[in-house]
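Remarks on the overall topology
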Amino acid sequence: MKTNFLCAVLILSCLLALSPSPAICADVQHTLDNLKNGFMILYSSEWRSSNFNYRLFRILDKEIEDNIHSMTFGTSSIQLAMNAGKIIEGILDTTFADFQPEYELFFKDFYDKYYTFLEASPVHFSKEKLKQLFLYEEIASLQPVVWQKKLDSVSAKLKKELPMPYISILAIALGFLIIIFRSLFTKNFDVREHRKAVRMNIILVIIGMSIIVLGGIQVSRWILSTQGFTRDFLYDETKNLYITELPETYWAFLEPYIKDALN
């Protein structure tokens, strides 16, 4: 943990030291890019040192299991894939709420450290304006907005990633129709062609059963993989939210203030 933290400090310090002073060089954007890189590196380092990938997965996994156990046996895969009762949003919403106490402490500690780095950096800041950068409450208030965007989009994205096996379902239905209505194919056979009619019936039953079996195999695979896929998908989405989307949002809010504080 200390090693990760020291590495982040070293990298951040190098980035800041290499940033050209705005008083000497007009390339303010280059300076801001370096400051952003340092912000992201420190955030990522603090996240890893807190072992939050595991903590987040543990909370999410428990929430998924609790919801699956509350479903009627054998229906969980379909309910998850169809997002019955907005179960996907419910799982993520509860995960965010359960993870928030830990994350709030993490983010406050992270921002305190980043603010300290800015104060000690070789980049020339206005001391008065730098004091105005302690915007923890304002930045933290952005979190519910980002969470809501994720809740609004995750179900549609899951449906694209895990489409219902409609073709396989239609194949099963077709197989049953062939078996049920096979007499329609043999009704024109007269009594003398009874053997042909029997043979045709057998062939149609075999064709129908084959289609049903092939469709059933595909649907079974889909059912068996749905829970694991949904679990992995939701974990990737929540992890991406915390390690990419939230810090990007924080920086977009913070950047104008940092730019204004540069001398």
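Residues numbered from 1 in each chain as written. Predicted model: local features only at pLDDT ≥ 70, side-chain atom pairs only at ≥ 80, totals over all residues. Heavy atoms only, no water.

1. Brief notes about the nonpolar core
Counting residues in hydrophobic clusters, the biggest one holds 59 residues, and the most contacted among them are Y103, Y242, L254 and I258. At the level of secondary structure, the elements contributing two or more residues to this core comprise helix 2 (28-49), helix 3 (52-69), helix 4 (76-82), helix 5 (87-120), helix 7 (136-140), helix 8 (143-161) and helix 11 (194-261). In this structure Y242 touches Y43, W47, L56, F96, F99, Y103, W147 and P247, once residues within four positions along its chain are discounted. (Core = buried A, V, L, I, M, F, W, Y, C linked by side-chain atoms within 4.5 Å. Buried < 20%, exposed > 50% of the residue type's maximum accessible area, 1.4 Å probe, protein only. Helix = DSSP H or I, 4+ residues; strand = E, 2+ residues; numbered from the N terminus. Contact = heavy atoms within 4.5 Å.)

2. Observations concerning the packing of helix 5 against helix 8
At their nearest, the axes of helix 5 and helix 8 sit 11 Å apart, and the two run at 150° to each other. Relative to helix 8, helix 5 is oriented roughly antiparallel. Seen along the crossing, helix 5 lies across helix 8 with a hand that is right-handed. Within the contact between the two elements, helix 5 uses I88, E89, L92, D93, F96, Q100, Y103 and F107 and helix 8 uses Q143, W147, K150, L151, V154, S155 and L158. By residue class, the composition of the contact of helix 5 with helix 8 is nine nonpolar, three polar and three charged. (Axes fitted to C-alpha atoms, helices over the stretch in contact; angles between N-to-C directions. Parallel < 35°, antiparallel > 145°, perpendicular 65-115°, else oblique. Left-handed = near helix turned anticlockwise from the far one by under 90°. Nonpolar A, V, L, I, M, F, W, Y, C, P; charged D, E, K, R; others polar.)

3. Examining unusual backbone geometry
Notably, N51 is not glycine yet its phi reads approximately 55°, a positive angle. Although it is not a glycine, K86 sits at a positive phi angle of roughly 55°. Note that K86 resides in the loop between helix 4 and helix 5.

4. Let's talk about the environment of T249
Inspection of the secondary structure puts T249 in helix 11. Distance from T249 to V146, taken between C-alpha atoms, is 7.9 Å for residues 103 residues apart in sequence. Ignoring any residue separated from it by four or fewer positions in sequence, one finds T249 in contact with L142 and V146. A distance of 2.8 Å separates a polar side-chain atom of T249 from the backbone oxygen of E245. (Polar contact = N/O pair within 3.5 Å; in protein donor to acceptor, adjacent residues only side chain to side chain.)

5. Quick word on the pattern of salt bridges
Scanning all chains against the criterion turns up 11 salt bridges. Ionic pairing is found between K108 and D112, a salt bridge with its closest N-O pair at 3.7 Å. Remark: D112 and K108 occur in helix 5; sequence separation between them is four residues, near one turn of the helix. For K108, a relative accessible area of 37% translates into the label partly exposed. Residue E237 is joined to K150 by a salt bridge in which the shortest nitrogen-to-oxygen separation is 2.8 Å. Taken together, the residues E237 in helix 11 and K150 in helix 8 connect sequence positions 87 residues apart. As far as burial versus exposure is concerned, E237 and K150 are alike and both buried. Put simply, K150, K157, E237 and E245 are held in one network by salt bridges that share partners. (Salt bridge = Lys/Arg side-chain N within 4 Å of Asp/Glu carboxyl O.)

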